[in-house]
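Fold and contact review
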2 protein chains.
Amino acid sequence: MPKPLYLQIRETLLARMADGTFRPGQPLPSEFALAKELDVSQGTVRKALDTLANDNLVMRRQGLGTFVPETTTERALFQFFRLTGTNGESLIPEPVSEEISRRPAPKRIAQRLEISTSAPAVRIRRVRALNGVTSTLEDVWLDPKHLPLPADGQPLPNALYTHYQRSYSVSIVRAEDFISAVAAPDHVAEAIGIPVGGPVLLVRRDAFDLSGRLAETRESYFRTDGFGYSVTLR
Amino acid sequence: MPKPLYLQIRETLLARMADGTFRPGQPLPSEFALAKELDVSQGTVRKALDTLANDNLVMRRQGLGTFVPETTTERALFQFFRLTGTNGESLIPEPVSEEISRRPAPKRIAQRLEISTSAPAVRIRRVRALNGVTSTLEDVWLDPKHLPLPADGQPLPNALYTHYQRSYSVSIVRAEDFISAVAAPDHVAEAIGIPVGGPVLLVRRDAFDLSGRLAETRESYFRTDGFGYSVTLR
DNA sequence: TAGTGGTCTAGACCACGCA
DNA sequence: GCGTGGTCTAGACCACTAC
């Protein structure tokens, strides 16, 4: 019992995005061109493209074409940065400091990255501000075999996802967040200017690329006076 | 410049769900029947139904029909209860205590419900347990003109949304959560057995019905040792 | 067997962006 | 004016459910 045609087409198109045949920012061939090449009707190609557009995996613009989305800074912020002000206004994080190191990952991180605790992993520790107030410390962990990351000392873009895509052709398309409240550890409290043990939001995030592979895992601490994590369920 | 036909059909069908012409648990007329009645092609009705199904506003089952979803307990838990264990397992809240009262709402609540701070509102204060551990206290606030709610002393179902639908034909279809970390206030700490001032997750939720109207607002405190709020972004 | 939604096709016309 | 995606239609056949 094979999958429906349009889902097979979807997989084909996704594979071409993952392997670089279709590149971010570039248009896909037109519906008719794809239909002819893949030997199905234009309506079936359309249905495949519709499901992809629905998952934010392509962007369609009438009169222009169907595009592989670029992980622009705006897009990364809009799609994946869920912190808003108390009234729902969006916020833009401003860099305060960052530090890249290579070190063995703690067990819980190593497990998520599926690497050994003795192998060195890349850790990016960033402190950022919201509305001018230093309010977040986050540790991003990467498997260097997958995302080697730049030499130390080189400044990172504010939006890492943009950088993954441009430098390594890794497009982040899905993130799973696990949110809890914890007492601020010493280094967090110091970095973001709150009392040790004060309540902070801890967001553990696993981010996945086009092929469904885990690309990074991060742990972000936020002070939440004046803002919070917003999400809509339907 | 009128809306596309299929969106007009969508609105028509939504209106019929909101006004009770189509009732929860009941099937809609078939695609062909709707097409004939509304004088459009079956494909257009299908497209309207597809968008509704995509938003979880109808449920389609091949060979059976298209149904107005019932807010079953399972559905309410699956769709709107985002607390999971550390490894992502779903959790089922068990009632510990509840107390219904009518009282003026604090200003921030009154503003969200769009009622006056002097008018009495309904407050449901519930304490619930997860995995046998008392871990959440939540205050649900209602506008009695919209959802009068049962006489005191009468037990409430564990899932309020089910009750709203059965007793008042109010179907909750969308919720907006705003999540922060706070120091546990006295009454929360006492209720869920943690130290006063310890970190707890505070989830403020606005829940909306089929017609887009705010049906309730709630503030839930959770201790997050052993579980957390899970969400997937794409 | 009858009726439902699911897939697939084919073709017409519209709205938009651009040269 | 041309090519793109967006809407709408019509009809064929498949897969599932109920009786």
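Residues numbered from 1 in each chain as written. Chains lettered and ligands numbered in written order. Predicted model: local features only at pLDDT ≥ 70, side-chain atom pairs only at ≥ 80, totals over all residues. Heavy atoms only, no water.

1. Considering the pairing of strand β7 (residues 172–183) of chain A
- In terms of residue burial, β7(A) counts as a mostly covered element, since 9 of its 12 residues are buried.
- Here 5 bridges tie β7(A) to strand β10 (residues 227–233) of chain B, and the two strands are oriented antiparallel to one another. Paired with A:Ile179 across the bridge in β10(B) is B:Tyr229. (Buried < 20%, exposed > 50% of the residue type's maximum accessible area, 1.4 Å probe, protein only. Helix = DSSP H or I, 4+ residues; strand = E, 2+ residues; numbered from the N terminus. Pairing = 2+ DSSP bridges.)

2. Focus: the sheet that holds strand β5 (residues 120–130) of chain B
- An order of β3(A)-β10(A)-β7(B)-β8(B)-β9(B)-β6(B)-β5(B)-β4(B) is seen for the 8 strands of this open sheet, with the pairing classed as antiparallel. Of all the strands in the sheet, just β3 (83–85) of chain A together with β4 (93–104) of chain B have a single pairing partner and so form its edges. Averaged over all neighbouring strand pairs, the angle between strand axes comes to 25°, with direction disregarded.
- Here strand β8 (residues 199–209) of chain B pairs with strand β9 (residues 214–222) of chain B via 8 bridges, running antiparallel. (Axes fitted to C-alpha atoms, helices over the stretch in contact; angles between N-to-C directions.)

3. Remarks on the protein's contact with DNA strand D
- Around DNA strand D, the structure places 19 residues, and the nearest of them are A:Arg46, A:Gln62, A:Gly63, B:Leu5 and B:Thr44.
- Within 4 Å of the protein, atoms of DNA strand D come from sugar and phosphate in 75% of cases.
- Here A:Thr66 contributes a side-chain N or O atom positioned 3.3 Å from a phosphate oxygen of DNA strand D.
- The backbone of B:Tyr6 places a nitrogen or oxygen atom 3.0 Å from a phosphate oxygen of DNA strand D.
- Among the secondary structure elements, those contributing two or more residues to the surface near DNA strand D are β1 (59–61) and β2 (65–67) of chain A together with α1 (5–18) and α3 (42–54) of chain B.
- In terms of residue class, the surface near DNA strand D is made up of 5 nonpolar, 9 polar and 5 charged. (Near = heavy atom within 4 Å. Polar contact = N/O pair within 3.5 Å; in protein donor to acceptor, adjacent residues only side chain to side chain. Nonpolar A, V, L, I, M, F, W, Y, C, P; charged D, E, K, R; others polar.)

4. A word on the sheet that holds strand β6 (residues 133–142) of chain A
- Strands sit in the order β4(A)-β5(A)-β6(A)-β9(A)-β8(A)-β7(A)-β10(B)-β3(B) across an open sheet of 8 strands; the sheet is antiparallel. Two strands in the sheet have a free side with no partner beyond their single neighbour: β4 (93–104) of chain A together with β3 (83–85) of chain B. Geometrically, the sheet is characterised by an average inter-axis angle of 25° between neighbouring strands, direction not taken into account.
- As paired elements, β3(B) and β10(B) share 3 bridges and run antiparallel to each other. For B:Thr84, the partnering residue across the bridge sits in β10(B) and is B:Gly228.
- Packing against the sheet, helix α4 (residues 73–80) of chain A makes contact with β4, β7 and β8 (199–209) of chain A together with β10 of chain B, and its axis sits at approximately 50° to β7(A). (Contact = heavy atoms within 4.5 Å.)

5. Topic: the protein's contact with DNA strand C
- Inspection of the region around DNA strand C gives 19 residues, with A:Leu5, A:Thr44, A:Gln62, B:Arg46 and B:Gln62 positioned closest.
- Each atom of DNA strand C within 4 Å of the protein was classed as base or backbone; sugar and phosphate made up 77%.
- Separating a base nitrogen of DNA strand C from a side-chain N or O atom of B:Arg46 is a distance of 3.1 Å.
- In this structure, B:Thr66 approaches DNA strand C through a side-chain N or O atom, which is 3.3 Å from a phosphate oxygen.
- For the surface near DNA strand C, the elements supplying multiple residues, two or more each, are α1 (5–18) and α3 (42–54) of chain A together with β1 (59–61) and β2 (65–67) of chain B.
- Partitioned by chemical class, the residues of the surface near DNA strand C number 5 nonpolar, 9 polar and 5 charged.

6. Re the relation of the copies chain B and chain A
- Rotating chain B by 180° about the axis while translating it 0.0 Å along that axis superimposes it on chain A, leaving an RMSD of 0.0 Å. Taken together, the rotation angle and the small translation identify this as a two-fold axis. Minimal C-alpha distance to the rotation axis in chain B is attained by B:Pro199, lying at 2.3 Å.
- When the interface residues of chain B are mapped onto chain A, 100% of them are again interface residues, pointing to one common binding face. (Least-squares fit on C-alpha atoms with pLDDT ≥ 70 in both.)

7. What about the side chain of B:Arg126?
- In this fold, B:Arg126 is placed in strand β5.
- Of note is the side chain of B:Arg126, whose polar atom sits 2.6 Å from the side chain of B:Glu138.

8. Concerning the nonpolar core
- If you look at the biggest cluster of nonpolar residues, it comprises 60 residues, and the most contacted ones within it are A:Tyr164, A:Tyr229, B:Tyr164 and B:Tyr229.
- Beyond its immediate stretch of four places on either side in the chain, A:Tyr229 contacts A:Arg82, A:Leu83, A:Asp177, A:Ile179, A:Leu201, A:Val203, B:Asp177, B:Phe178, B:Ile179, B:Val231 and B:Leu233. (Core = buried A, V, L, I, M, F, W, Y, C linked by side-chain atoms within 4.5 Å.)

9. Observations regarding the domain arrangement of chain A
Residue and element names in this part refer to chain A.
- We note that the domain assignment places domain 1 (5–67) and domain 2 (73–229) within chain A.
- Domain 1 and domain 2 are separated by 32 Å when their C-alpha centres are compared.
- Listed by partner, the interface residues are 7 residues for domain 1 and 6 residues for domain 2.
- Between domain 1 and domain 2 lies a buried interface of about 520 Å² when both sides are counted; carbon and sulfur atoms form 62% of it.
- For the interface between domain 1 and domain 2, the tally reads 0 salt bridges.
- Each residue belonging to the side of domain 1 that touches domain 2 can be placed in one class, and the counts come to 5 nonpolar, 1 polar and 1 charged. (Domains from an automatic or database assignment. Buried area = accessible area lost by both parts, 1.4 Å probe. Salt bridge = Lys/Arg side-chain N within 4 Å of Asp/Glu carboxyl O.)

10. Structural notes on α1(A)
Residue and element names in this part refer to chain A.
- Under the 1.5 Å per step criterion, the end-to-end length of α1 is 20 Å for 14 residues, consistent within 8% with the ideal 20 Å.
- Within α1, the full set of buried residues consists of Ile9, Arg10, Leu13, Leu14, Arg16 and Met17. Axial view of α1: buried residues confined to an arc of 160°, hence all on one face.
- As for α1, its buried residues are in contact with α2 (31–38) and α3. (Expected span 1.5 Å × (residues − 1). Arc of directions from axis to C-beta.)

11. A short note on the interface of chain B and chain A
- Listed by partner, the interface residues are 32 residues for chain B and 32 residues for chain A.
- Counting the surface lost from both chain B and chain A, the interface buries some 2,600 Å², and carbon and sulfur atoms represent 60% of this.
- It is B:Phe178, B:Leu233 and B:Arg234 that lose the most area in chain B upon contact with chain A, and together they represent 28% of the buried surface on that side.
- In this assembly, chain B and chain A are joined by 13 residue pairs in polar contact (both at pLDDT 80 or more).
- When residues of the side of chain B that touches chain A are traced back to their parent elements, those giving at least two are α4 (73–80), β3, β7 (172–183), β8 and β10 of chain B.
- Broken down by element, the residue count for the side of chain B that touches chain A peaks at 11 residues, all from β7(B).
- For the side of chain B that touches chain A, the per-class residue count stands at 15 nonpolar, 11 polar and 6 charged.

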